[in-house]
Amino acid sequence: MSDKMPNMDYDADEVIENFKSKFKWPSKDEVSVVSAPPKLGLKVLLSILVTLVISGIYYYATFPALNFKTTETYFFIIAVIAIFCAVFAFLIGARTQVERKEYAKKKSVIPLLIIAVIIVVMAIGWLFGATIFRAKSYSELMKIENSNFSEDFEAIKYDEVPRLDSATAKVLADQQLGQLDEYMSQYVVTQSSTQINYKGTPVRVAYLEYADVFRWLNNTKDGLPAYMLIDLVSQKVQVVNCIEKFGEGIKYSPTELFNEKLMRHLRFQNPTAIMDTPNFEIDDNAHPYWITPVLDKTIGLFGGTDVKGVIITDALNGKSEYCSIDLVRNEEKYSWIDVVYNENLIIQQYNYHGRLKNGFWNSIFFQKDVNVASTGSGNIALDDDVWVYTGVTSSEADTSNFGFILCNQRTKETRYYKNGGATEISAQESASDAVQNYGYKPVFPILLDIENQPTYFMSLYGDSLTVKGYALVNLDDKTIVGTGLLDVEKSDAKALNAAVVNYIDALKDKGKVDDSASAEEYKVDESGDAENAQKETAEKTDENQQTDTKQSGNSVTGEITDIKTAVNDGNTVYYLQVNGKYYYIKVSDCMDVLLMNKGDKVEITFEKDGGNFTAAKTVTKK
């Protein structure tokens with residue numbers, strides 16, 4: 001062994017740097033020549049193929065309209081370019097080799113220029129359609145005619161006005177669906193429904209949705225079996241079984257997936273159409289259709305949204321027909337269609353008119369004769385069409401309306417009525433105050449003509465969203481209120497009549513009408529209440545398994561084997577099956593039934609045996 005010490009005269013940092021330099025990629029400043037990667041043609045071809053696949057998946061998932069008047073087209077093109085550039089850079093190794101990265105950057109100049117041009121085109125298109133330059137064009141999107149309230153509203157009958165809004169109608173539909181064992185575990189009622197006129201009666205139609213993806217897997221082959229038809233006057237709900245009536249279910253709907261999903265199905269049929277949200281409607285034969293408005297941008301590139309036609313799609317087989325808006329307005333065979341212009345578009349176009357008719361700068365600074373639609377809107381059946389109603393108020397916060405408008409949802413005919421008074425929200429507050437002891441809340445009001453007085457009419461509902469009564473509030477003087485409650489009057493017709501009697505008495509007290517005014521011509525027939533109750537009872541007759549019970553006199557004690565609920569004349573009624581018979585009682589007469597379940601032992605008293613369906617006096621849990 002050598003006695004000499006090893007030579008320690010060296011720099012460790014220098015050794016490390018020399019080692020690292022052997023594996024260091026050159027920086028972009030050190031790349032003097034940018035050369036094409038090997039097999040460039042093949043990599044370009046692969047980039048194109050991968051881009052087509054990814055873009056196809058993206059298009060299938062989002063199905064944008066391929067129309068230069070919609071921004072989604074431009075964003076789709078930008079996305080395709082970005083996907084190609086990213087795939088190409090990956091395939092040539094730009095992530096790991098700086099010379100490849102520089103090559104990719106060099107070849108990305110043209111795609112970036114294309115994207116820049118697209119953005120400039122979008123900006124110019126938006127600028128040419130901006131309200132600051134095109135205020136007059138926006139204000140003329142909707143043509144408005146002055147009209148006479150008394151003449152137009154004379155045809156609207158007090159006993160034929162809708163008594164339910166979309167929320168309360170859905171509650172009734174949910175309750176009806178819950179009574180049908182074959183449907184209730186598989187489907188739910190959609191949140192959205194369409195108000196239409198069906199054979200002269202205002203109704204709402206609502207399609208079903210699959211309860212979840214597993215129910216979809218189990219049922220999609222046959223489609224949705226039925227839809228709900230809710231009568232807004234009688235408050236009765238009918239389940240229309242499409243399989244029994246038409247031989248097949250609803251195969252195309254928003255709740256479907258893949259090719260049967262409605263908007264995707266429509267997009268493949270109409271790749272360039274700018275489509276609004278489809279409306280679910282039925283024709284005079286109760287056949288279900290989807291009515292999809294086709295939009296056009298009439299100002300600049302993206303502004304001035306209006307309807308130029310509709311796509312009528314058979315909900316059962318998916319066959320579609322395009323009709324121009326002129327055909328829908330004028331051809332008799334399309335008169336069954338009710339909703340072409342949605343409420344949001346109508347309100348938007350009126351607000352353009354109200355704000356911009358005297359110029360853009362006037363709408364900002366001077367605000368001379370500037371007005372807008374008030375908060376909220378309702379629907380009125382008139383001339384066998386559905387009309388949107390909304391008040392007109394100032395652009396600043398206000399508690400009064402200048403007047404109100406009606407707009408036909410099929411033709412966009414718009415009428416202005418110069419009848420000022422309380423806003424709809426103020427009228428709702430007055431109605432709430434009149435029944436504050438009960439805690440009932442009013443639906444959005446609609447206008448009626450009662451004794452030549454514009455009058456807000458609204459239903460009152462409780463915590464369960466079932467109708468509990470009615471209120472009438474004067475448009476000119478919101479302190480004039482008339483109410484009728486089911487808890488007091490014990491029937492829907494009597495409550496409606498009580499509301500109009502009390503309202504006309506209040507008009508007399510305030511000197512709005514003279515003593516000759518009478519409520520008789522507005523009263524509804526009360527004789528139908530008993531007949532309807534008997535008919536509903538007869539329709540519910542069914543055979544049920546009997547259980548061991550004991551019955552003595554006018555009482556029965558036993559186990560509850562089934563519970564059903566229904567809404568009769570606005571009252572929630574519980575049907576308890578004991579000994580193979582149903583005993584029914586209103587919740588308002590016995591709150592304890594809300595806490596009862598199948599298997600509970602109860603004692604039921606009644607006055608008279610009604611057979612399979614007997615009215616109960618009391619229900620007591622044993």
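Engineer: Talk me through the nonpolar core; I want residue IDs and the actual numbers.
Structural biologist: In terms of nonpolar packing, the biggest core is built from 91 residues, with Phe153, Tyr158, Tyr227, Met228, Ile450 and Phe457 touching the most fellow members. In terms of residue count, the dominant contributor to this core is helix H18 (residues 492-509) (nine residues). When sequence neighbours within four positions are dropped, the list of residues in contact with Ile450 reads Tyr158, Thr455, Leu472, Val500, Tyr503, Ile504 and Tyr522. Counting residues in each nonpolar core, the second largest holds 26 residues, with Met142, Val307, Ile325 and Trp336 among its members.

Engineer: Describe the packing of aromatic side chains, listing the residues and the values that go with them.
Structural biologist: Inspection of every chain in the model, using the stated rule, returns 27 aromatic pairs. Consider the rings of Tyr74 and Phe302, whose centres lie 6.0 Å apart with planes at 90°: the pair is edge-to-face. One end of the pair, Tyr74, is in helix H3 (residues 71-91); the other, Phe302, is in the loop between strand E9 (288-299) and strand E10 (303-314), and 228 residues separate them in sequence. You'll find Tyr74 and Phe302 in the same group, each marked buried. Considering the side-chain rings of Phe84 and Phe88, the 6.2 Å spacing of their centres and the 10° angle between planes classify their relative orientation as stacked. With Phe84 and Phe88 both in helix H3 and four residues apart, this pair spans about one turn of that helix.

Engineer: If you had to explain a nonpolar patch on the surface to someone new, which residues and values would you point to?
Structural biologist: Taken together, the side chains of Val120, Ile124, Trp126, Leu127, Phe128, Ile132, Phe133, Trp361, Ile364, Phe365 and Phe366 make up a nonpolar region of the molecular surface, amounting to roughly 1300 Å² of accessible area. Of all the secondary-structure elements, those providing two or more residues to the nonpolar patch are helix H5 (109-128), helix H6 (131-139) and helix H15 (360-366). With five residues, the single largest contributor to the nonpolar patch is H5. Mapped onto the fold, Trp361 is located in helix H15. In this structure Trp361 comes out as partly exposed when scored by relative accessible area, which is 48%.

Engineer: Can you tell me about the packing of H6 against helix H14 (residues 343-356), naming the residues and giving the values?
Structural biologist: Look at H6 against H14: their axes get within 9 Å of each other, and the N-to-C directions meet at 110°. It follows that H6 is roughly perpendicular to H14 by the angle criterion. Note that H6 runs across H14; the crossing there is left-handed. Together, Thr131, Ala135, Tyr138 and Ser139 of H6 and Tyr352, His353 and Leu356 of H14 make up the contact between the two elements. Residue composition of the contact of H6 with H14, by class: four nonpolar, three polar and no charged.

Engineer: Tell me about the side chain of Thr70, and name the residues and values.
Structural biologist: Residue placement: Thr70 occurs in the loop between helix H2 (40-62) and H3. Classification of Thr70 as buried rests on a relative accessible area of 11%. Those residues within four positions of Thr70 in sequence are excluded, and the remaining contacts are Ala65, Ile274 and Phe302.

Engineer: Mind laying out unusual backbone geometry, listing which residues take part and the relevant values?
Structural biologist: What you tend to see is this: most non-glycine residues have negative phi, and most peptide bonds are trans. In this model, Lys39 sits at a positive phi of 55°, which is unusual for a non-glycine residue. For Lys39, the position within the fold is in the loop between helix H1 (12-21) and H2. The backbone of Asn452 sits at a positive phi, close to 60°, despite the residue not being glycine. Positionally, Asn452 belongs in the loop between strand E20 (446-450) and strand E21 (453-461).

Engineer: Which residues make up helix H12 (residues 262-269), and what are the values?
Structural biologist: Within the span of H12, buried status applies to Leu262, Arg264, His265, Leu266 and Arg267. Summarising the contacts, the buried residues of H12 are in contact with H2, H3, strand E7 (274-275), E9, E10 and strand E11 (320-324).

Calculation rules
In this convention, every chain numbers its residues from 1, walking through the sequence in written order. Under the rules for a predicted model, residues below a pLDDT of 70 receive no local features and side-chain atom pairs below 80 are neither given nor counted, while totals for whole chains, interfaces and linings still include all residues. Working from all heavy atoms in the structure, the side-chain values ignore hydrogens and water. By nonpolar core we mean a set of buried residues, namely Ala, Val, Leu, Ile, Met, Phe, Trp, Tyr and Cys, connected to one another through side-chain atoms within 4.5 Å. Buried, partly exposed and exposed residues are distinguished by accessible area as a fraction of the type maximum, computed with a 1.4 Å probe on protein chains only: under 20%, between the cut-offs, and over 50%, respectively. Helix and strand definitions follow DSSP, with helices as H or I runs of at least four residues and strands as E runs of at least two, each counted in order from the N terminus. Contacts are assigned to residue pairs with any non-hydrogen atoms lying within 4.5 Å of each other. Planes of paired rings set the category: under 30 degrees apart is stacked, over 60 is edge-to-face and the rest tilted, where pairs are Phe, Tyr or Trp rings (Trp by its six-membered ring) whose centres lie within 6.5 Å. Only residues above 30% relative accessible area that lack a salt bridge enter a patch, with like-charged residues linked at up to 9 Å and the nonpolar side chains Val, Leu, Ile, Met, Phe, Trp and Tyr linked at up to 5 Å. Every accessible area reported is derived by Shrake-Rupley at a probe size of 1.4 Å, with residue values counting cover from the shown protein chains alone. Here a salt bridge means any side-chain nitrogen of Lys or Arg lying within 4 Å of a carboxyl oxygen belonging to Asp or Glu. Only the stretch in contact is used when fitting a helix axis, every axis being a line fitted to C-alpha atoms; angles between N-to-C directions are given from 0 to 180 degrees. In this scheme, roughly parallel covers angles under 35 degrees and roughly antiparallel covers those over 145, while 65 to 115 is roughly perpendicular and the rest are oblique. The hand of a helix crossing depends on one turn: near helix anticlockwise from the far one by less than a right angle means left-handed, and clockwise means right-handed. Ten residue types, Ala, Val, Leu, Ile, Met, Phe, Trp, Tyr, Cys and Pro, are classed as nonpolar, four, Asp, Glu, Lys and Arg, as charged, and the remainder, Gly among them, as polar.

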